[in-house]
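So the chains spell out like this:
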Amino acid sequence: FLSGSAPSKLCALAAVGGALRIGAGRMARLRSRQRSSRLQLRAEDPMLIPQAVPVRDERNKMVNQDGTSRYHVGKRVEILSPNGQWREGRVVEMKAEQGSQELLTVHYKGYNAQYDELVAAGSDRLRKYGPIRDSLLNERRGNFKLEVPIGSCPGCGIQMQSDDPFQLGYCPPEKMNVPAVASMGERLRPQDEAMLLLDATGGATAGLGAAYETRQCAQGRWKVLENIIFDIREEASVDAARTGESLVQHEQFDIAEIVRDAQGRSFLKLTHDRGWAFDWADIRGARVQIIGPVQQPQELIDEKRRRDTVCMRCWSLWHYNDVDDIYRCGFGEPAANEITPADFKQMFIDTLDNADPSKEGLILVVDIWDFTPSLRILQMLGSYFRSREVEFELKIIINKVDLLPEETSRGRIMAWLMTRAEECGLPKLKTQDITALSCKLRDNIKTVGEMLTNRKAMDTYYIMGAANVGKSSLINRICMRQGKLANEKASSVQDGFLVSALPGTTLQPLPMKFQPGGRDVTIIDMPGVFDAGSVFGKLVFEDMKELVPQLKEGVRFTLKMQAGESLYLGGLARMDVVDGLPFHFTCFRPKGMKVHMCKTRESRKAERSFGGKTLTPPKTVDRFEELRSTWVQHSFSCKGAGWNNAGCDIVVSGLCWIAVTGCGTSTVDVWAPEGVDVYVREDPLMPHEARWTRVYYSGHVDLFDVQGSKRYQGDTPLRNKAHNLGKNRKELSKKGRGLEDFRW
């Protein structure tokens, strides 16, 4: 074309133009046909045809407007058995319609297939699954009964007092005092009535045996709360003769007066001389409120009673997730009745001394994310067993596994912990003695419940562990109480044990009786043992909450560092690579802790620019300078085990840990506040993460770039999900990305 004459060039251009016009016409016709075919498919698409709107009929079933059922094979239902009891079942087969109804084959749960029944879809014998489950859950919750001594705070277990606000257990005098006895014609306040009806002091308070006229009171109408048939008594006594008239669930009635007996039970006299009823009863060994006022829901009265009687420290933690430093054990100005870390340790030892190994067992809760305090408890138990020559039934619960990578093998984590327990001198554990779970995700909680309901279970179990490992959260999950996370505020629907980010929330043992199948199993929530070497003891509560990880997974990343480079771990510690070959350092840290990488010679400049500002915690420059002045040096020589596995972990107790991967040796200095434990763990917890979590520091605090890399699962290479962010650093933003944007 280029070498030809001008006419030939013109002919060639004309030919190309004609071809392009023909091609364009063909493409237009093709697009028109595709558009028409899509319109035709769209008109015939059954997903776009208006469907029958499901409605709910009076039998609590889902049916369509045309009468067809919404059942399907595998759906759980409740079926009325021939003996008149509702049982759980499952639809295993749907047969052809007979008339206008479908025939369902329902299999009874727990029975053989020979008992399967053929039931019409619209039969009154079928209903949606739910009431049976709710009754089982309520029965399960009713089997747990908190047994806090009278006068003790149900949140932390400390003895309450109203004399000194600078002592633990302080409660304002107006909250401690019982309302004065009202005259017969005086109107009672609703909160006074709630205290009168729900007071748990056993009627020891003077004046509670008097009769109160309640026709003019705010709570004049009452109802039956539980699913029972209540027989009205002729007199104000449980053993009195029946009148022959009964009350059923949700039935409402008016009362004339209230009388309190010596056991703390309130008797309600019905109007028109119908007889007497009472407010609570022992059902299967548990105290159950069976009658309550209509105008104020019973659960709100229970919540008010439960939260109005806690100490000021627990009230602040529950409602505001905050507490004054004077109420923190082992921090700042001590309270007059301060409980020191040594007192917690002695309480731990005294409990073991008074326990009976033949009837009482230990459940040790371990925090796999911050393992150092739990390691100290394992060493303490091993030393105690060797010195006393006793052996308890020991169960170990590994908590917070949700903070580890999702693909982490729990079997490997359990084997790793079993090795640590043997190194601490504990007797050899079996696989069934260790359970890995997550209290936050309610994962594997059922296994712990089955352990307590086992016929071989001990009479008493002590829930032990270090501070802040999740002991109270575990009990909340076991007894199906609705609690909150460590850094959340309370809501009106929560009724569980007090949980907070503060180490040492529980100050005294809190016993709870569990009654499965007629047995009595006592569960005792023990105070956590303080670890004096944790960084938590150096922080104010505001900074401490930043280090309590609440992500589904903790944050981890890998940086390649060489001699002369430093990594700041928030404003709390610094790691310097002093000598040796370049290594990969994989940091496992909470989201609230920011990191910064720089040259070691520029470290002081970085501290002046970022310390207490963007490099947090601590959140203020003054607190950063105060902690920085207490830093001490720890030197380690790390030996690599190859580029596929980490050779060791550098652990800063309460803050983070760093896996070291590479070949050869590297000398590392770690600077941390004086008293904080910094050590090398020879057996790394997560040894393989450096292969697919490599990032490049962008120069800005906690902002990184990432390149495409390979990830290996077994022998199968998988592309890194962050690979789509760009193959080179130029394609990324100038300041990089936060680590929360990367999903490895």
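Being a predicted model, the structure only gives us computed values, none of them experimental.

What counts, and where the lines are drawn
- Residues numbered from 1 in each chain as written.
- Predicted model: local features only at pLDDT ≥ 70, side-chain atom pairs only at ≥ 80, totals over all residues.
- Heavy atoms only, no water.
- Salt bridge = Lys/Arg side-chain N within 4 Å of Asp/Glu carboxyl O.
- Helix = DSSP H or I, 4+ residues; strand = E, 2+ residues; numbered from the N terminus.
- Buried < 20%, exposed > 50% of the residue type's maximum accessible area, 1.4 Å probe, protein only.
- Pairing = 2+ DSSP bridges.
- Axes fitted to C-alpha atoms, helices over the stretch in contact; angles between N-to-C directions.
- Contact = heavy atoms within 4.5 Å.
- pLDDT = per-residue confidence, 0-100.

**Structural notes on the pattern of salt bridges**
Reasoning step 1: With the rule as written, the count across this model stands at 27 salt bridges.
Reasoning step 2: Between Asp-367 and Lys-400 there is a salt bridge, with its nearest N and O atoms 3.1 Å apart. Here the residue Asp-367 occupies a position in strand 19 (residues 360-367), and Lys-400 occupies one in the loop between strand 20 (393-399) and helix 9 (410-423), the gap between them amounting to 33 residues.
Reasoning step 3: Here the salt bridges do not stand alone but share partners, grouping Arg-574, Asp-576, Arg-604, Glu-607 and Arg-628 into one network.

**Digging into the environment of Trp-276**
Reasoning step 1: Mapped onto the elements of the fold, Trp-276 is located in strand 15 (residues 275-278).
Reasoning step 2: Classification of Trp-276 as buried rests on a relative accessible area of 10%.
Reasoning step 3: For the pair Trp-276 and Glu-234, spaced 42 residues apart in the sequence, the C-alpha separation amounts to 6.1 Å.

**Things to note about the sheet that holds strand 30 (residues 631-639)**
Reasoning step 1: Ordered by their spatial adjacency, five strands build an open sheet running 29-26-27-33-30, and the pairing between neighbours is antiparallel. In this open sheet, the two edge strands, each paired with only one partner strand, are strand 29 (595-599) and strand 30. Strand-to-strand twist in this sheet, taken as the mean axis angle between neighbours without regard to direction, amounts to 20°.
Reasoning step 2: Pairing between strand 26 (residues 565-569) and strand 27 (residues 573-580): four bridges, direction antiparallel. What sits directly across from Tyr-568, in strand 27, is Arg-574.
Reasoning step 3: Sitting on the sheet, helix 13 (residues 603-610) touches strand 26, strand 27, strand 29 and strand 30, and the angle it makes with strand 29 is about 145°.

**Observations regarding the environment of Asp-353**
Reasoning step 1: Structurally, Asp-353 can be placed in helix 7 (residues 341-354).
Reasoning step 2: According to the relative accessible area criterion, Asp-353 is partly exposed, its value standing at 37%.
Reasoning step 3: Taking the C-alpha atoms as reference points, Asp-353 and Arg-388, separated by 35 residues in sequence, lie 9.0 Å from one another.
Reasoning step 4: Not counting residues within four places of it along the chain, the set of residues in contact with Asp-353 comprises Tyr-384 and Arg-388.

**Comments concerning the environment of Gly-425**
Reasoning step 1: Summarising the element assignment, Gly-425 is placed in the loop between helix 9 and strand 21 (434-436).
Reasoning step 2: Excluding anything up to four places from it in sequence, Gly-425 contacts Gly-382 and Arg-386.

**A word on the confidence of the model for the protein chain**
Reasoning step 1: Here the protein chain averages 76 in pLDDT, while 71% of its residues score no lower than 70.
Reasoning step 2: A low-confidence stretch, residues 34-63 (pLDDT under 50), is modelled with 35 contacts involving residues beyond four sequence positions or located in other chains.

**Side note on unusual backbone geometry**
Reasoning step 1: Cis geometry is found at the peptide bond from Thr-616 to Pro-617, where omega equals -10°.
Reasoning step 2: Within the fold, Pro-617 resides in the loop between helix 13 and helix 14 (621-628).
Reasoning step 3: For the bond running from Pro-617 to Pro-618, omega is 0°, close enough to zero to count as cis.
Reasoning step 4: Relative to the helices and strands, Pro-618 resides in the loop between helix 13 and helix 14.
Reasoning step 5: With phi around 55°, Glu-389 is a residue other than glycine that occupies positive phi space.
Reasoning step 6: The residue Glu-389 is located in the loop between helix 8 (372-388) and strand 20 in this model.

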